[in-house]
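Residue-level listing of the chains:
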Amino acid sequence: MNHRAASRQIHDLIRGSKKKVRDVGKARATWLPPAIYPDVIAWILERDDLRRAIFPSLLPPSAKDLYRYTPLRETTLSRELRWVTALLSTQAAKLQVFMEVRDRVTVAIRQSDYGAADAALIEAESALGTSFWLAKLRLAVLQVGQSLEAQKHYVNALKRQVARRTGATAYILHYVSVRNEPSVTPQRFASQMRTQIANIPVGDDLRAFLRHHITGPELSRERAADVLRHSASASLVDGYEAFIHTARLIIATNSDDPVGPVLSASIAELSGVVSDRRLIALVARLDGDFPSEASELDAEDAWLRGDDESAEAEARAAMYAGDATLPNVWIAAATSRAPSADAQPNNAATFDKLAIDIAAVQQVTGDVTQAATNIARAALNFSGVDLFDLPHALTARALSPLPGTPPRPLPPTAEAELAAHEQALDYALCDKPVSSSLTIDWSPEEARAGYAHALLSRLGDGVRRDFVRAILDPADASSLSRIRPELQALLLADGAMRQAQFDAALKRARPLLETAPYYRSRAVRLVAYSLLRLNALAECVDVVASEYLRNENARHILPIRELADKLDRYVRRELAGRLSLAIVFDLYSRFVDGAYDQYRRRSYQDVLIATGVTRPSELIELSHQASSLEFQYFLRQLCVPEVMYVSPAIRGSRELQEERIRIVEYLLKFDESHRQEYEDEILARTRLLVLQARRLEAEQSRINVDLDGITREAETKYGEAYDRYCTFQSAGAQPERLQAVNEALSQVLAGDLAPLRALAVPADEVRDLLASLVRDLRDEFVDNNRFGLDGRLSTGIRHGTLANELRGPLLAAKLITQKDEATQQYRENTAWTLNASENSPGAIAVQDALAAFASDFDGLISEMLTDWVQVKREGGGRGLIDLRLTADQLRIIESLVSRGAPFDEFASIVFNGFCLPSLGEGLATIRSRIETTAKPRATVLLGRLLSAVEAQHTVEFVSLSNAIREAITTVQRAFDRVSSWFVLSKDVSSDPLPVEDGLQIALEIAQRVYPGFRASISLGSAGREQMDGSFLPGLLVIFLTAFENAVKKAGFSEPPEVSVRADKQEENLRFTLTNPIHESVDRIAAAERLEGILAAVRNAEYLTSVRREGRTGLHKIVKIIALDFLGEPDLRAEFVNDREFILEFSLPLRKGRVERE
Amino acid sequence: MKVLVVEDDDVKRYQIEAFIRSRLAHAVLESARSLQSALELVGTFNPDVVLLDMSMPAFDVSAAEDGFEHLPFAGREFLEHLDLQGVSPCVIVVTSFRSFGKGADAMTLPQLDAQLSTDYADVYRGSVSYSSIGDEWQSHLAQVLDSITSHNG
């Protein structure tokens, strides 16, 4: 089709089209010859209706119109470039205005005149409308020049203009505002945003556009056309800036790109109508030329000659005179001393601040990480002007273990890193003419010779010319003589490195280790890397360790990854026992990844063996090593529990912690620089040990019966009956019979029950009375509302606790779900089938298997609770705690009760001679049943689930299979923990317990049984109050019950966060717990239920209600407060603010009161 | 023959022990439930064969001991320790997992098998995939054991 026919056809098509954007987009992407794009665009722009339809937002009057319209259909990069070029060419006058504003803004920012920059941007807005370029720069300018409030005020005003605040415009503006916040770290921000954007359900083209504007220029060739297309539809200014970006990207990624000729023609076309220095430089690069210009750089001359004093003076003078170009800033940095990124005055000029940061980077000293962050932040937030992209690219190269351009081959990670450095440098340099000889040193390998020759053609005789020649050929001695000696050595070393002459590089670089930090830092890198490439691994290990110990920032420039990769089995054996080897593996674990953690531990063991000790605390005896930095590092970083557990001499977690405490106590004496860190660590680990001991003690105190309390209450009830028994006993006593009983008893105590059975004891009223009394006391032992066994079993074990402990590992592994509070049905377990094909047979089968497993597992728990953890008495009933009174037991009791013994002695005989031993046997039976029945059954259930999942034979469920396999042992350990509860309670320590420690233990247990549970505990000074340590079990029950209530009743699928506050009120602490309530919870019905519970509490029904499992936990809480703490159950529970639940109660700190009446 | 079974899954350990008893009537058996108890038994029991789980806690778990950490490559640590000590029982990894570890250290069973074969060639005799339901692992384990006994004469 010839051009005239094509023009007619597109005109007709557009005129008759009802969907003009779609049809134009399709035509330009398919059949419309690019040669007539300019005519077509001009024709469209001449017609208002068409312009409004197809190019509606070239100059958006407000944010509402910015990127408001659908971009044209996607096409090839070549066609996109030609289309955008044609469009931009029609807007030359506007673009010229933009160029002038852009230059003014750039100069103003360089001089830190943010007021002028903002004024220029406001002016630009009135002339050109808004744009992402403008909004992003204004946000940065307002943040730096005014305040966070100012930039937030501005972004909120913009967002208000955007009709649909959920669109791409609002999204970009919001996150650009976020990235400007001073607390945001650009690297982390970019990483998080890339992940977030990857998960937005939009096309890859829009994702690339979002990334380009939020996380910085999109340096991927793959989506270049999309970024250009979307930007061009946002505004004229954004389209133009995206065009420049595309050109830089293509040059930086591949000079032979097939789109090069099209791009070259496009730039040439634009440069004919727009006066932009960048266009001239770019077209030169695309044509194979390297743009350069002559300039006087006195500072550079002085510095290259070695005259630092003049260099610094000249550089600063030039900067303050308005020439704050990077070479001057670089030289000001190189000649400064002791840079400190955190000591920057707020009012320092941009170039002053940049010089301080660059100095830290050059010298790899001070807070170099902060300096790199400052530079990255400036590069990201001011990406609209080109002031910081080159410093940013140079920072990345400077803080790398790769020395400049190392010879190939390189390992893949190093190759990728080098490519990224080269690309970023070329991207930063390619749109500017070179004028500084330093630029030649900075340029990427491929462009270096081109730039060097271009610059040489402009340089007369002088040291700058020498420097450029020396970069090209360091072996040319004639070029070196006028250059300062340190730079000569660096040039020679760099040149040797490029030629793979590692011995020569090493020889040249070594003397520089004794020079100023600027040269030394580069020498360190050259030395370490040369040793690595020479396979002088032992020396390289020593150098890396010692350089790190000398300057921790050196980790950025030491080849830790490549070195560790080379330390194979044979090298490790050869170097076994060296502290430096252990340090290198530790550095790898800390700064690279965990792939060599095993070698870190092995190298630790090798050091112990080489030193002849079995545990690190024995090293302390070797005091002659105390001042050695390597030795201190070894103790500080490697003698930690995560490594020391491999020492056979250390036999458990507690010993591990104690060993570490000993080491840190020792370090405290010798390493003053880490004093605070050590003191904090000792405190934290000591507290951990105390908490562990307290937790264990509390967890094994679940089955406690207050015999004194029961005795007191029983005496009131049965004292009279016992008196009757005593009277009968006295009346019917026979000395001969007593003697026979005593003899039988001595044999019984020796283990032989036969003599007791032989005693012919007639049934009589005395014995009947005794039996009745013993059963009454036994029942009191079991049923007493305040102190009895069954209440303890209920509150401590049956009422959710056992089930939660056993379900915890399964919840964590997502193999089971909670039941919905309202329906009592399991919530659907979609954790493993979300990504499976919906309703696929595999997904359905897995869902069914998970549901069956959940039901079976809970069935097992239910059986344990209803058939095992129950007390069996005469008259039937289930339970493994058999407290039926046998004739033998009765005879023993009868024989032990001396005539006229007081009631408490009698009660003691019944409890200690019958109830407690029988309880002990019952608990042992439960433990045995858990080991022999419950644990194997649970394992079988998991095995069955595993086999159902594996029967699907699909990779979709590999993670699920592994989760089940892991759960087998974690569930077994949960059964072991539960088993350990079934022991008679030991006495709980009454040592004072800080309240915050008690809550910490409760929180840790809650997190074990409710994976993902969170509580924000802010106790203030109340947390440091100490309570009687024997309150701990009760405290745990109260808080775990309250947390459980929140988890199960708040209506969320994941545990809600509970906030806990405490206030001291005289001798009590008043706790307030608050948690959100999901909207699905029927608040009115819940409030009614709550009112009923509170009424029951007021009526003291809690004394009986908890024994009936399934009732609310509030009863349990009140009961514990009343009976364990002897406190007033002044509970407040209510729904507030519509969607919050608040629970308040008071606990006494000490056992101040005697028994309540 | 002295056989050490290193396994923290109680049921799996019982099954392996029962299999060994049925297969090697005169075998003397010991068992360990954690890395450290296994290391201790290497010194005191001096096993000829070790049937080794790969993932287990550092210490025996009890009410008072949380095991410190569940180590995805505890078996590899064990082999490293044998290397350190210079002792050489025949080691067979018996695992129900098909992949191990996370992040940079993640690997599949074949990858792990290859690594162990290279790094611990003196002692490592291969891996057996265990399943609590099927019994293919038994015949596989029997084969490996036979090869060990025939090799040892």
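On a predicted model such as this, the values are computed, not experimentally measured, just so you know.

What counts, and at which threshold
- Residues numbered from 1 in each chain as written.
- Chains lettered and ligands numbered in written order.
- Predicted model: local features only at pLDDT ≥ 70, side-chain atom pairs only at ≥ 80, totals over all residues.
- Heavy atoms only, no water.
- Helix = DSSP H or I, 4+ residues; strand = E, 2+ residues; numbered from the N terminus.
- Rg over C-alpha atoms; globule rule 2.2 N^0.38 Å.
- Buried < 20%, exposed > 50% of the residue type's maximum accessible area, 1.4 Å probe, protein only.
- Contact = heavy atoms within 4.5 Å.
- Areas by Shrake-Rupley, 256 points an atom, 1.4 Å probe, with all protein chains shown as cover.
- Lys, Arg positive; Asp, Glu negative; His and termini not counted.
- Charge placed at Lys NZ, Arg CZ, Asp CG, Glu CD.
- Pairing = 2+ DSSP bridges.
- Axes fitted to C-alpha atoms, helices over the stretch in contact; angles between N-to-C directions.
- Polar contact = N/O pair within 3.5 Å; in protein donor to acceptor, adjacent residues only side chain to side chain.
- Left-handed = near helix turned anticlockwise from the far one by under 90°.
- Nonpolar A, V, L, I, M, F, W, Y, C, P; charged D, E, K, R; others polar.
- pLDDT = per-residue confidence, 0-100.
- Salt bridge = Lys/Arg side-chain N within 4 Å of Asp/Glu carboxyl O.
- Phe/Tyr/Trp six-rings, centres within 6.5 Å; stacked < 30°, edge-to-face > 60°.
- Lys NZ or Arg CZ within 6 Å of the ring centre and 35° of its normal.

Novice: A description of the overall build of chain A should follow, citing residues and the corresponding values.
Specialist: From N to C terminus, chain A includes 53 helices and nine strands. In terms of C-alpha radius of gyration, chain A reaches 40 Å, well past the compact-globule figure of 32 Å for 1157 residues. Counting only C-alpha atoms, chain A reaches 135 × 85 × 60 Å along its principal axes. The buried share of chain A, reckoned over its 1157 residues, is 57%. Intrachain contacts of chain A at a sequence separation of at least 6 include 70% that bridge at least 24 residues. Summing over all exposed atoms, chain A offers an accessible surface of approximately 47900 Å²; the carbon and sulfur share of this is 49%. Side chains of chain A carry 140 positive and 158 negative charges; the gap between the two charge centres is 4 Å.

Novice: Explain the overall build of chain B residue by residue, including any values.
Specialist: For chain B, the helix and strand inventory stands at five helices and nine strands. Sequence-ordered secondary structure for chain B, helices as α and strands as β, is β-α-β-α-β-β-β-α-β-β-β-α-β-α. Taking 15 Å as the expected radius of gyration for a compact globule of 153 residues, we find that chain B reaches 14 Å, a close match to that expectation. Taken along the three principal axes of its C-alpha coordinates, chain B extends 40 × 35 × 35 Å. Put simply, chain B has 153 residues, and 56% of those count as buried. When the accessible surface of chain B is summed, it comes to about 6200 Å², and 48% of that surface belongs to carbon and sulfur atoms.

Novice: Now, about helix α26 (residues 463-472) of chain A: what can you tell me, with residues and values included?
Specialist: All names here are of chain A. For α26, a buried count of seven out of ten residues is recorded, marking the element as mostly surrounded by other parts of the structure. Among the residues making up α26, those that are buried are V463, R464, D466, F467, V468, A470 and I471. If you follow the buried residues of α26, they end up packed against α17 (298-305), α24 (437-442), α25 (445-456) and α27 (485-498).

Novice: Lay out the sheet that holds strand β8 (residues 1132-1136) of chain A with the relevant residues and their values.
Specialist: Residue and element names in this part refer to chain A. Reading across the sheet, the five strands line up as β4-β6-β7-β9-β8 and stay open at both edges, with mixed pairing between neighbours. A strand with exactly one partner marks an edge of an open sheet, and here the two such strands are β4 (1014-1018) and β8. Along the sheet, successive strands turn relative to each other by an average axial angle of 20 degrees, direction set aside. Direction of pairing for β8 relative to strand β9 (residues 1140-1148): antiparallel, over a ladder of five bridges. Counterpart to R1132 in the pairing with β9 is E1144.

Novice: Summarise the side chain of T95 of chain B; cite the residues concerned and give the values.
Specialist: All names here are of chain B. Here T95 shows up in strand β6 (residues 90-95). A relative accessible area of 0% means that T95 is categorised as buried. A distance of 3.0 Å separates a polar atom in the side chain of T95 from the backbone nitrogen of F97.

Novice: Describe the packing of helix α1 (residues 3-16) of chain A against helix α3 (residues 37-46) of chain A, and please don't skip the residues or the numbers.
Specialist: All names here are of chain A. One way to put it is that α1 packs onto α3 with a least axis distance of 11 Å and a crossing angle of 35 degrees. In terms of crossing hand, the pair formed by α1 and α3 is right-handed. Together, I10, H11, I14 and R15 of α1 and V40, W43 and I44 of α3 make up the contact between the two elements. Here the residues of the contact of α1 with α3 sort into five nonpolar, one polar and one charged.

Novice: Can you explain helix α2 (residues 20-29) of chain A? Please cite residues and give values.
Specialist: All names here are of chain A. Within α2, seven of the ten residues are buried, which leaves it mostly tucked inside the rest of the structure. Looking only at α2, the buried set comprises K20, D23, V24, G25, A27, R28 and A29. Buried-residue contacts for α2 involve α1, α3, α4 (48-54), α5 (77-89) and α13 (224-234).

Novice: Mind laying out the confidence of the model for chain B, listing which residues take part and the relevant values?
Specialist: All names here are of chain B. Averaged over all residues, the pLDDT of chain B is 92; the fraction at 70 or higher stands at 99%. Per-residue pLDDT, averaged within each element of chain B, yields its smallest value for strand β7 (residues 99-100) (88) and its largest for strand β3 (residues 49-52) (98). On the interface metric, ipTM, the complex scores 0.92, and its pTM is 0.81.

Novice: Go over unusual backbone geometry, please, and point to the residues and values.
Specialist: Residue and element names in this part refer to chain A. At the junction of R408 and P409, the peptide bond is cis and its omega measures out at 0 degrees in the coordinates. Relative to the helices and strands, P409 is located in the loop between α22 (389-398) and α23 (412-429). In this model, Y67 sits at a positive phi of 50 degrees, which is unusual for a non-glycine residue. You can call Y67 buried: its relative accessible area is 12%.

Novice: Which residues make up the interface of chain B and chain A, and what values do they have?
Specialist: Every contact between the two is made by 38 residues of chain B and, on the other side, 43 residues of chain A. In this structure, the connection of chain B to chain A is made through eight salt bridges. Note that D83 of chain B and R573 of chain A form a salt bridge whose closest N and O atoms lie 2.3 Å from each other. If you list the elements that add at least two residues to the side of chain B that touches chain A, you get α1 (10-23), α2 (35-44), β5 (70-71) and α3 (74-85) of chain B. Examining the composition of the side of chain B that touches chain A, we find that six residues originate from one element, α3 of chain B, more than from any other. Of the residues assigned to the side of chain B that touches chain A, the class counts are 16 nonpolar, seven polar and 15 charged.

Novice: Account for the side chain of K1116 of chain A, with residues named and values stated.
Specialist: Residue and element names in this part refer to chain A. Examined against the element boundaries, K1116 turns out to sit in helix α53 (residues 1113-1123). Summary of buried charges: K1116 has no salt-bridge partner, and the nearest side chain of opposite charge, E1044, is 5.0 Å away. A polar contact is formed between the side chain of K1116 and the backbone oxygen of H799, at a distance of 3.0 Å.

Novice: Could you give an account of the pairing of strand β7 (residues 1068-1076) of chain A, with specific residues and numbers?
Specialist: All names here are of chain A. Buried residues dominate β7, accounting for seven of its nine residues. Between strand β6 (residues 1057-1065) and β7, which pair antiparallel and follow one another directly, the connecting turn spans two residues, one of which, E1066, has a positive phi of 55 degrees. Two strands pair when backbone bridges link them, and β7 and β9 are joined in this way by nine bridges, in the antiparallel orientation. Within β9, the position partnered with T1074 by the bridge is I1142.

Novice: An account of the sheet that holds strand β9 (residues 124-129) of chain B is requested, with residue identities and associated values reported.
Specialist: All names here are of chain B. The strand order β2-β1-β3-β6-β9 describes an open sheet built from five strands, whose pairing is parallel. On the outer flanks of this sheet lie β2 (28-32) and β9, each paired with one strand and no other. Looking at each pair of strands side by side, their axes are set apart by 20 degrees on average, direction ignored. In terms of strand pairing, β6 meets β9 through four bridges, oriented parallel.

Novice: Quick one: what's the story with the confidence of the model for chain A, residue by residue and with numbers?
Specialist: Residues and elements named next belong to chain A. Model confidence for chain A is summarised by a mean pLDDT of 89, while 93% of its residues fall at 70 or above. When pLDDT is averaged over each element of chain A, helix α30 (residues 537-550) comes out on top at 98 and helix α41 (residues 754-758) at the bottom at 53. Note on residues 758-763: pLDDT under 50 across the span, and seven contacts to partners over four residues away in sequence or across chains.

Novice: Give a description of the pattern of salt bridges that names residues and reports values.
Specialist: Residues and elements named next belong to chain A. Under the defined criterion, the tally for this structure stands at 101 salt bridges over all chains. Note that E293 and R277 form a salt bridge whose closest N and O atoms lie 3.8 Å from each other. Highlighted residues: E293 in the loop between α16 (277-286) and α17 and R277 in helix α16, separated in sequence by 16 residues. Take E293: its relative accessible area is 28%, and that puts it in the partly exposed class. The exposure class assigned to R277 is exposed, which follows from its relative accessible area of 56%. Note that D976 is salt-bridged to K935, the shortest N-O span being 2.8 Å.

Novice: Tell me what's going on with the packing of aromatic side chains, and back it up with residues and numbers.
Specialist: Aromatic ring pairs are defined here through the distance separating the ring centres and the angle between the ring planes. Enumeration over the complete set of coordinates arrives at 41 aromatic pairs over all chains. Note on F853 of chain A and F857 of chain A: the rings are 5.7 Å apart at their centroids and 35 degrees apart in plane angle, and the pair reads as tilted. With a gap of four residues between them, F853 of chain A and F857 of chain A both fall in helix α45 (residues 841-868), about one helical turn apart. F853 of chain A sits in the buried class, given a relative accessible area of 3%. In this structure F857 of chain A comes out as buried when scored by relative accessible area, which is 0%. Arranged with centres 5.1 Å apart and planes meeting at 55 degrees, the rings of Y130 of chain B and W137 of chain B form a pair that is tilted. Joined through ring pairs, the aromatic side chains of F1013, F1039, F1043, F1071 and F1145 of chain A make up one cluster. The ring of Y427 of chain A has R248 of chain A sitting right over it, with the charged end atom 4.0 Å from the ring centre. K2 of chain B extends its terminal NZ or CZ atom over the ring of F45 of chain B, reaching a point 5.4 Å from the ring centre.

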